[in-house]
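Here are the chains, one letter per residue:
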Amino acid sequence: MDAIWSKGTLAGMATVATVMQFLTGTIICRRYILKKSTGDESAFPFISGFLSCFTWLKYGVLTKEDTLILVNFIGSALFLIYTVVFFLFCVNKRQVVRQIMVISCVILSATIYTTFSTDSERSIRVIGLLCCCLAVIFFASPLATLAHVIRTQNTDSLPFPIIIASFFVCLLWTAYGVLISDLFVQIPNLLGGILAGIQLTLYVIYPKKKASLGSGPRYSPLVSENPVL
């Protein structure tokens, strides 16, 4: 009973924290709607977020993990809406279409493979590896920003709220992966937690300087921070 309660509690905490993190996209989309433009921002964070959620949704279905299914169904729906909003207000629609076509090919390939594969264990391993590979790619995206922070000794380009949220979400999913004995859930979230921890450490090493009077904020949202699940 205690084990079931612990799993249920941890699953609930991870679900709520992840969905709240997904909902931060509404703030960005609201800005697009008010400005009626996406500026020079890229649709990749939203499109890649949809791809990540969809592959984890497939993995949840294959492993019959209700928590993974619920979280990533919500995530897939939200990121699809965000992508549509971005497309409506962007200038370079051709680039967005190209990105959508690329992830559509990945999604179609994964769907066809899992549909016609007769070896369920092999399907779980293949989709699990795909999820992990995508997670590594997403986690590698802030590395250029980290190099810039170290070079300039300035953390203004790092979004503290997003990073600390990612840190706790990754910790929760790592703990959940340990609880259900699933390495495909454990490893990418552990890597994400370590990367978020490194970014938080930079705030200690290079604390933000107080803005001088009359100067505007230099905060630059790093919208490419996506959770694994």
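Just above, that's the structure.
No experiment lies behind these values; they were computed from the predicted model shown.

Novice: Any chance you could break down helix α5 (residues 93–116) for me, citing the residues and the numbers?
Specialist: End to end, α5 covers 34 Å across 24 residues, agreeing with the expected 34 Å (1.5 Å per residue, within 8%). Of all the residues in α5, the buried ones are V96, Q99, I103, I107, A110 and T114.

Novice: Describe the packing of helix α3 (residues 44–63) against α5, naming the residues involved and giving the relevant values.
Specialist: One way to put it is that α3 packs onto α5 with a least axis distance of 10 Å and a crossing angle of 5°. Viewed along their axes, α3 and α5 adopt a mutual orientation that is roughly parallel. For the pair α3 and α5, the contacting residues are F44, I47, F50, L51, F54, K58 and L62 in the first and V96, Q99, I100, I103, V106, I107, T111 and T114 in the second. Class assignment of the residues belonging to the contact of α3 with α5 gives a composition of eleven nonpolar, three polar and one charged.

Novice: Outline the pattern of salt bridges, supporting the account with residue identities and numerical values.
Specialist: Side chains that differ in charge, positive against negative, can pair when their charged atoms come close. Tallied over the full model, the rule gives one salt bridge. Of the charged contacts in the structure, one is a salt bridge between E41 and R31, with a shortest N-O distance of 2.9 Å. Taken together, the residues span a long stretch of sequence, with E41 in the loop between α2 (25–35) and α3 and R31 in helix α2 at a distance of ten residues. With a relative accessible area of 30%, E41 lands in the partly exposed category.

Novice: Describe a nonpolar patch on the surface, naming the residues involved and giving the relevant values.
Specialist: A contiguous nonpolar surface patch, about 620 Å² in accessible area, is contributed by V136, L183, I187, L190, L191, I194 and I198. With six residues, the top contributor of residues to the nonpolar patch is helix α9 (residues 183–205). By secondary structure assignment, the location of I187 is in helix α9.

Novice: So what about the side chain of T15? Which residues, and what values?
Specialist: Structurally, the position occupied by T15 is in helix α1 (residues 2–22). Taking the relative accessible area as the measure of exposure, T15 reaches 13% and is therefore buried. Those residues within four positions of T15 in sequence are excluded, and the remaining contacts are T67, L70 and V71.

What counts as what
- Residues numbered from 1 in each chain as written.
- Predicted model: local features only at pLDDT ≥ 70, side-chain atom pairs only at ≥ 80, totals over all residues.
- Heavy atoms only, no water.
- Helix = DSSP H or I, 4+ residues; strand = E, 2+ residues; numbered from the N terminus.
- Expected span 1.5 Å × (residues − 1).
- Buried < 20%, exposed > 50% of the residue type's maximum accessible area, 1.4 Å probe, protein only.
- Axes fitted to C-alpha atoms, helices over the stretch in contact; angles between N-to-C directions.
- Parallel < 35°, antiparallel > 145°, perpendicular 65-115°, else oblique.
- Contact = heavy atoms within 4.5 Å.
- Nonpolar A, V, L, I, M, F, W, Y, C, P; charged D, E, K, R; others polar.
- Salt bridge = Lys/Arg side-chain N within 4 Å of Asp/Glu carboxyl O.
- Patch = residues over 30% accessible without salt bridge, like charges linked within 9 Å, V, L, I, M, F, W, Y side chains within 5 Å.
- Areas by Shrake-Rupley, 256 points an atom, 1.4 Å probe, with all protein chains shown as cover.

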